[in-house]
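What follows is each chain in one-letter form.
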Amino acid sequence: MSLELDQFRFKSWFCCVTLHKRLSLSEPWFVKYRDNTNDKQWWVWVSLSAFLHPRALVGTMSPAIALAFLPLVVTLLVRYRHYFRLLVRMVLLRSLRDCLSGLQIEERAFSYVLTHALPGDPSHILTTLDHWSSHCEYLGHMGPVKGQILMRLVEEKAPACVLELGTHCGYSTLLIARALPPGGRLLTVEWNPRTAAVAEKLIRLAGFDERTVELIVSSSEEVIPHLRTQYQLSQVDLVLLAHRPRRYLRDLQLLEAHALLPAGATVLADHALFPGAPRFLQYAKSCGRYRCRLHHTGLPDFPAIKDGIAQLTYVGPG
């Protein structure tokens, strides 16, 4: 490891610890977040976060040290400007609009869809969401590039039953529902009741009934053990993991433990690279139960930030 990287890490860690102490945070969020992303992204993210909370540094260092730290911050802002823009749009601006409007971003997006999209036309609704995310507020949804990959895989696999963990606004739900074979069934799970209410309206606005798309409002760890008994789902041909990457491994092992994955089943994991699910990918590659492939993409509206969809093919219990 180079001396330059060691110095960079030390300065970044110092900023984070200082931020934690000065703001009296309840837990060291920067340590918790590091489990969910790769090393390089983590150091950049926490350094920018410290920069955006300058009061955390007041009174903790001399002006000379602060001046010496300034070139590092400027270098980070230039080199990782895409991450900085993402942080501003996803955290700062979104929080401000949430506070001013009293609505979640999914609710604001749905209001836009109601006035601009054609009811009963899933394709036009998806295009409207893409336009709103690009020109109004960054939605953080799957986006058209990943969406094409998802639809192609669903069409190729022609699954009789699909399980989606993480409905969000319903964008990926519409993509899957459009590509289902005749008689196909989709169960989608969302833990946030307000977000689930928006997704339910969007799904029905697109013209899909409860026989095709069933929305479950609960956490994934509570739903998976009851899929057989409560939802009459004996096996899942395709699973989309699109909730929180740090929960991917837990939910995959739950699906295995309850024998819900038949041989040949496909498991897709969004955000495999950003923010990333390293423990999930390591497990999938080393356990001997899956054939793995990674579809490389960028984030919607931020193509310079590399991301991807992990595709796992279940070969059996091993």
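As a reminder, the structure under discussion sits directly above these lines.
Residues numbered from 1 in each chain as written. Predicted model: local features only at pLDDT ≥ 70, side-chain atom pairs only at ≥ 80, totals over all residues. Heavy atoms only, no water.

S.K.: Please explain the pattern of salt bridges as it appears in this structure.
M.R.: Once the charged atoms of two side chains with opposite charge are near each other, the side chains can pair. In this structure the tally under the stated criterion is 12 salt bridges. Between Glu 107 and Arg 194 there is a salt bridge, with its nearest N and O atoms 2.7 Å apart. Of this pair, Glu 107 sits in helix α6 (residues 105-116) while Arg 194 sits in helix α10 (residues 193-205), and the two are 87 residues apart along the sequence. The partly exposed category is assigned to Arg 194, whose relative accessible area is 38%. Notably, a salt bridge pairs Glu 137 with Arg 108, separated by 2.7 Å at the nearest N-O pair. Of this pair, Glu 137 sits in the loop between α7 (122-135) and α8 (143-157) while Arg 108 sits in helix α6; the two residues are 29 residues apart in sequence, bridging distant segments of the chain. When sorted by exposure, Glu 137 lands in the same class as Arg 108, which is buried. Shared partners join several salt bridges into a network, and the residues in it are Asp 98, Arg 108 and Glu 137. (Salt bridge = Lys/Arg side-chain N within 4 Å of Asp/Glu carboxyl O. Helix = DSSP H or I, 4+ residues; strand = E, 2+ residues; numbered from the N terminus. Buried < 20%, exposed > 50% of the residue type's maximum accessible area, 1.4 Å probe, protein only.)

S.K.: Just checking my understanding: could you explain the environment of Asp 237 for this structure?
M.R.: Here Asp 237 shows up in the loop between α12 (227-231) and β4 (238-241). Counting along the chain gives 80 residues from Asp 237 to Lys 157, while the straight-line C-alpha distance between them is 8.3 Å. Not counting residues within four places of it along the chain, the set of residues in contact with Asp 237 comprises Pro 159, Ala 160, Cys 161, Pro 262, Ala 265 and Thr 266. Here Ala 160 takes part through its backbone nitrogen, which lies 3.0 Å from a polar atom of the side chain of Asp 237. (Contact = heavy atoms within 4.5 Å. Polar contact = N/O pair within 3.5 Å; in protein donor to acceptor, adjacent residues only side chain to side chain.)

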